[in-house]
Amino acid sequence: MTTPDAPETPDTPRLQPGEAFPAFALPGADGKTHALADYAGKYVVLYVYPKADTPGCTKEACDFRDSAPLRAVGAAILGLSRDDAGSHTAFAEKYSLPFPLLSDPDATFMKEIGSFGPKTLYGKTSDGVKRQTFVIDPEGKLVKSWLAVKVEGHADAVAAAIEADRVRHA
């Protein structure tokens with residue numbers, strides 16, 4: 001289910017299911033550039049998180065790592081934050097994360113997909129990274145997005161969305 005985390009404004013575009021997901025080529029902690037085109041023919045889970053090695057982001061990454069239903073659907077998982085490669089490398093090693101963590105230090109791509117901008121935390125509004133997840137189908141189209149992620153059970157919900165899309169297109 002798509003859940004908005006803030007009112008839509010003209011400068012926060014929201015992709016709709018069935019629309020082509022914006023192409024990207026972002027550096028990973030593994031020293032490689034990861035482009036959406038590299039994953040053609042596979043489902044891609046792009047999850048955007050605020051900061052590596054913080055409690056919520058750690059729980060989310062470990063849930064993606066440990067989700068048996070998500071492993072079963074065979075999707076490529078990509079984490080994205082503003083953190084640099086060094087932070088990502090330490091985070092991935094500390095928690096044995098088996099998927100690439102990508103960097104967007106100036107949030108250019110995150111702004112394009114609506115994952116960076118005004119957000120409210122403890123009654124204070126500021127610009128920042130929004131915890132969001134996008135499922136992209138093997139043809140590069142958006143299947144589903146979560147714009148206000150609740151970490152608990154999220155990875156399994158992502159797997160269920162992929163499975164539902166596969167059934168719909170079978």
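Conventions adopted
Residues numbered from 1 in each chain as written. Predicted model: local features only at pLDDT ≥ 70, side-chain atom pairs only at ≥ 80, totals over all residues. Heavy atoms only, no water. Core = buried A, V, L, I, M, F, W, Y, C linked by side-chain atoms within 4.5 Å. Buried < 20%, exposed > 50% of the residue type's maximum accessible area, 1.4 Å probe, protein only. Helix = DSSP H or I, 4+ residues; strand = E, 2+ residues; numbered from the N terminus. Pairing = 2+ DSSP bridges. Axes fitted to C-alpha atoms, helices over the stretch in contact; angles between N-to-C directions. Contact = heavy atoms within 4.5 Å. pLDDT = per-residue confidence, 0-100. Parallel < 35°, antiparallel > 145°, perpendicular 65-115°, else oblique. Nonpolar A, V, L, I, M, F, W, Y, C, P; charged D, E, K, R; others polar.

1. What to know about the nonpolar core
One finds V45, F64, L70 and I162 to be the most contacted residues of the largest nonpolar core, which totals 26 residues. Residue assignment for this core shows that the elements contributing at least two residues are β3 (44-48), α1 (55-66), α2 (68-73), α3 (85-94), β9 (142-146) and α5 (154-168). Per element, the largest residue contribution to this core is 5 residues, and it comes from α5. In this structure, F21, A76, F134 and I136 belong to the second largest nonpolar core, which totals 23 residues.

2. A few points about the sheet that holds strand β4 (residues 76-81)
Taking strand neighbours across the sheet as the criterion, the 5 strands line up as β5-β4-β3-β8-β9 in an open arrangement whose pairing is mixed. Unpaired on one side and paired on the other, β5 (101-103) and β9 mark the two borders of the sheet. Looking at each pair of strands side by side, their axes are set apart by 20° on average, direction ignored. The pairing of β4 with β5 spans 3 bridges and is classified as parallel. Paired with S81 across the bridge in β5 is S103. Together, β3, β4 and β8 (132-136) form the strand contacts of α1, whose direction differs from that of β3 by roughly 165°. In the packing of α5 onto the sheet, contacts are made with β3, β8 and β9, and the angle to β9 comes to roughly 155°.

3. Concerning the confidence of the model for the chain
Of the residues in the chain, 92% reach a pLDDT of 70 or more, and the chain-wide mean stands at 90. Ranking the helices and strands of the chain by mean pLDDT puts β3 first, with 98, and strand β6 (residues 116-121) last, with 85.

4. A word on the packing of α1 against α5
Between α1 and α5, the least distance of the axes is 8 Å, while the angle of their chain directions is 45°. The angle between α1 and α5 falls in the class oblique. On α5, the residues touching E60, D63 and F64 of α1 are H154, A155 and V158. Considering only residue class, the contact of α1 with α5 consists of 3 nonpolar, 1 polar and 2 charged.

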